[in-house]
Amino acid sequence: MVLRQIAARGVRSPAVLGAMGCVPRHFFVPAELRDQAYEDRPLPVGRGQTISQPYMVALMTELAAPGPGDRVLEIGTGSGYQAAVLSLLAGEVHTVERLPELFEASRERLAVMGCGNVRAFLGDGSAGLPGHAPYDAVVVTAGAPDLPEALAAQVAEGGRIVAPVGPEDGQWLVAGERTGGVLRLRRVLECRFVPLLGVHGWPDA
Ligand code: SAH
């Protein structure tokens, strides 16, 4: 998976490739899909949500560039897989999930995995965690119509953000860095994520 799907597509960071090689993806997918855990695609994790394609997890991690001691915010815990990858590279990871069932399951999984530097929150992550901001990196793993201003505001000076932005049927992965107080964003590639539902995302029916 790491060589053929991730390194071959251009993810270079040895730290990211190392972390992707360390986290057992089969542990984060439903038991009946375990034999597909290392395939090149997203997989369902329940409640209509998905664990992202391994390449996408690696690319987003590389763009977020978490370093030792960094504080990272992830929106959309899902299975907990992206949080586990981030936890190997960062000092501390805060991750927010809106669905109680996924929040409970991923929290337990991350504890069993020994990801002691991950703190899981239940709630609408489209507003971020203003009481804990700023963050050195913000990773959004659900698509919003526009980059939520509340999340952009929680990126520290020198910090990075990566998020899928655009219509529900297809988004751009947007990456940015705050330097001199200004957050400069660029489009990286086209992608498709499940919707970010909440006050700063799509309306939550
Ligand atoms: N990062 C996950 C994949 C996320 S799928 C992994 O590694 O498995 C997107 C997740 O975002 C879903 O679990 C969905 O319930 C969650 N989500 C959608 N809107 C949200 C919101 N406003 N706040 C928090 N989580 C949200």
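The coordinates are above.
The text that follows walks through the structure, step by step, so that each part is easy to find.

Quick notes on the packing of aromatic side chains
- All chains considered together, the criterion is met by 2 aromatic pairs.
- Both rings, one in Phe27 and one in Phe28, keep their centres 5.8 Å apart while their planes meet at 80 degrees; by these two values the pair is edge-to-face.
- Consider the rings of Phe28 and Tyr81, whose centres lie 5.6 Å apart with planes at 65 degrees: the pair is edge-to-face. Note that Phe28 is positioned in the loop between α2 (14-22) and β1 (43-46) and Tyr81 in helix α4 (residues 81-89), a separation of 53 residues in sequence. For the pair Phe28 and Tyr81, a shared accessibility class is recorded, and that class is buried.
- The side chain of Arg9 reaches across the aromatic face of Tyr55, ending 5.1 Å from its centre.
- Stacked on the ring of Tyr81, the Lys or Arg Arg25 has its end atom at 5.7 Å from the ring centre.

As for the packing of helix α3 (residues 54-64) against α4
- Packing of α3 against α4 leaves a shortest axis separation of 10 Å and a crossing angle of 40 degrees. One element, α3, and the other, α4, form an angle in the oblique class. Every pair of crossing elements has a handedness; the one defined by α3 and α4 is right-handed. Across the interface between the two elements, Val57, Met60 and Thr61 from α3 touch Tyr81, Gln82, Val85, Leu86 and Leu89 from α4.
- Taken together, the residues of the contact of α3 with α4 break down into 6 nonpolar, 2 polar and no charged.

Quick look at the site of the ligand
- Near the ligand, the surroundings consist of 26 residues, among which Ser79, Glu97, Asp124, Gly125 and Leu197 are the closest.
- Side-chain polar atom of Glu74 to a nitrogen atom of the ligand: 2.9 Å apart, as the coordinates give it.
- Within the backbone of Arg98, a nitrogen or oxygen atom sits 3.3 Å from a nitrogen atom of the ligand.
- For the ligand, whose free accessible area comes to 580 Å², the fraction covered by protein is 99%.
- Taken atom by atom, the bulk of the ligand overlaps the largest pocket.
- Within the residue set of the shell around the ligand, elements represented by two or more residues are β2 (49-51), α4 and β4 (92-97).
- The leading source of residues in the shell around the ligand is β2, at 3 residues.
- Here the residues of the shell around the ligand are counted per class, giving 10 nonpolar, 12 polar and 4 charged.

Conventions adopted
Residues numbered from 1 in each chain as written. Predicted model: local features only at pLDDT ≥ 70, side-chain atom pairs only at ≥ 80, totals over all residues. Heavy atoms only, no water. Phe/Tyr/Trp six-rings, centres within 6.5 Å; stacked < 30°, edge-to-face > 60°. Helix = DSSP H or I, 4+ residues; strand = E, 2+ residues; numbered from the N terminus. Buried < 20%, exposed > 50% of the residue type's maximum accessible area, 1.4 Å probe, protein only. Lys NZ or Arg CZ within 6 Å of the ring centre and 35° of its normal. Axes fitted to C-alpha atoms, helices over the stretch in contact; angles between N-to-C directions. Parallel < 35°, antiparallel > 145°, perpendicular 65-115°, else oblique. Left-handed = near helix turned anticlockwise from the far one by under 90°. Contact = heavy atoms within 4.5 Å. Nonpolar A, V, L, I, M, F, W, Y, C, P; charged D, E, K, R; others polar. Near = heavy atom within 4 Å. Polar contact = N/O pair within 3.5 Å; in protein donor to acceptor, adjacent residues only side chain to side chain. Areas by Shrake-Rupley, 256 points an atom, 1.4 Å probe, with all protein chains shown as cover. 1 Å grid on protein atoms, 1.4 Å probe; cavity = no way out; pocket = protein on both sides within 12 Å on 5 of 7 lines; lining within 4 Å. Sits in = over half its atoms within 2 Å of the grid points.

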